[in-house]
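Coordinates in review
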Amino acid sequence: MKTGIDIVKDVKSLLDVPELTTQIDGKIWLFNRPQSSTKKDITISLLTSNNEWQQNAVVNIRIHAQNPPLSFAGSKNIDNTMPDIDSFEPLIKIVCSLTDTQWKSKFRTFVTNAGELFRQPDGNFVALVQLDYYSIQENFKNI
Amino acid sequence: MILLTADFSQADLEKDIRDSFESIVDDIAQNLFEAGCRAVDLARAKTKSEGGFGNITYNLRGSIGCVLVLNHSIADEHIYFPPLTAGEDGRQDGISYAREIALLVDEGEPVLIFCAGMFYAGYVEGLEDYDVITGSSKKLDSLFKALLNEDRN
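Since the structure is predicted, the reported quantities are computational estimates derived from the model, not experimental observations.

In this complex, chain B contributes ten residues to the contact, which on the side of chain A involves 15 residues. For the side of chain B that touches chain A, the secondary-structure elements that each account for two or more residues are helix H4 (121-128) and helix H5 (134-137) of chain B. The leading source of residues in the side of chain B that touches chain A is H4 of chain B, at four residues. Of the residues contributing to the side of chain B that touches chain A, the split by class is two nonpolar, four polar and four charged.

When two helices pack together, their arrangement is given by the angle between the helix axes and by the axis-to-axis distance. Residues and elements named next belong to chain B. Orientation of helix H1 (residues 10-45) relative to helix H6 (residues 140-152), taken along the N-to-C sense of each, is 135 degrees, at an axis distance of 9 Å. As judged from the angle between their axes, H1 and H6 are oblique. Our pair here, H1 against H6, has a crossing hand that is right-handed. Contacts between H1 and H6 pair Asp27, Asn31, Leu32, Glu34, Ala35, Arg38 and Ala39 from the former with Leu140, Leu143, Phe144, Leu147, Leu148 and Asp151 from the latter. A per-class count over the contact of H1 with H6 returns eight nonpolar, one polar and four charged.

Averaged over every residue, the pLDDT of chain B is 92; the share at 70 or more is 99%. Across the whole predicted complex the pTM is 0.86, and at the interface the ipTM reaches 0.84.

A few words on the environment of Gln130 of chain A. Among the structural elements, Gln130 of chain A can be located in strand S8 (residues 125-136). Overall, the presence of 22 C-beta atoms within 10 Å leaves Gln130 of chain A in the buried class. Between the C-alpha atoms of Gln130 of chain A and Asn51 of chain A, which are 79 residues apart in sequence, the distance is 20 Å. Once residues lying within four places of it in the same chain are set aside, the contact partners of Gln130 of chain A are Val58, Asn60, Thr112 and Asn113 of chain A together with Gly126 of chain B.

Rules used in this analysis
Residues numbered from 1 in each chain as written. Chains lettered and ligands numbered in written order. Predicted model: local features only at pLDDT ≥ 70, side-chain atom pairs only at ≥ 80, totals over all residues. Contact = placed C-beta atoms within 7 Å. Helix = DSSP H or I, 4+ residues; strand = E, 2+ residues; numbered from the N terminus. Nonpolar A, V, L, I, M, F, W, Y, C, P; charged D, E, K, R; others polar. Axes fitted to C-alpha atoms, helices over the stretch in contact; angles between N-to-C directions. Parallel < 35°, antiparallel > 145°, perpendicular 65-115°, else oblique. Left-handed = near helix turned anticlockwise from the far one by under 90°. pLDDT = per-residue confidence, 0-100. Buried ≥ 20, exposed ≤ 12 C-beta atoms within 10 Å, placed from the backbone.

Right, here's the structure in full:
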């Protein structure tokens, strides 16, 4: 049986590769990131899971990036309400490529939400990549 | 020599086959709807301490429900959004949202629409990790199969 932490660690094993980690200045965190973090972080957490013979779980991968300070012609104000598309776009693509249709010996993952942007209460945007995760239970010896 | 003649026409035969087929589709559709109702009950019953969400207005909980689209229409008895003591606005939003989705997916076959109608449901699941309907939707298959097996037995 895979516990919630096992599942999240499995997904982290897919993401913890230089192709992705060199693109962020923060870290890949399990479940949550430090509240004060202003870096480009990735958090992996579990939305739901079951204990069927083929365990099925839904995993949320969140990509965090601060909104960039922008200035526009004709205005002296600095605008920081826009998402950091330049950071989100490559990160979403890398995360999706590392997690979509992955058939590993102990589990499989498929992307079901390929990077939806949400605005958080503090105004910063976060990108959500959602996965379906499957794992056949090894403790079922009679099948 | 024996001569056999049918006391029914080709049209009668086709009508019988069509009626039987429609009866099977209706039975399956009814089971599908009942599975949806059970999934709705599961989703609504999931508390925050079980990985679900909390209640402030009850709108999100009230907006969880299902409808069955059959033969391009939704019969009143195939709308399952039971009222709560609060959250009536959410319930109405849920029904409207399910009807909107029905327009997009209706192809004549039985279609079950299981939804949470509040606009922030995706945010609650995606950013807060609170299960709204995803966990229950994963149980739809087994609920449906169990109902079909009950019928067979």
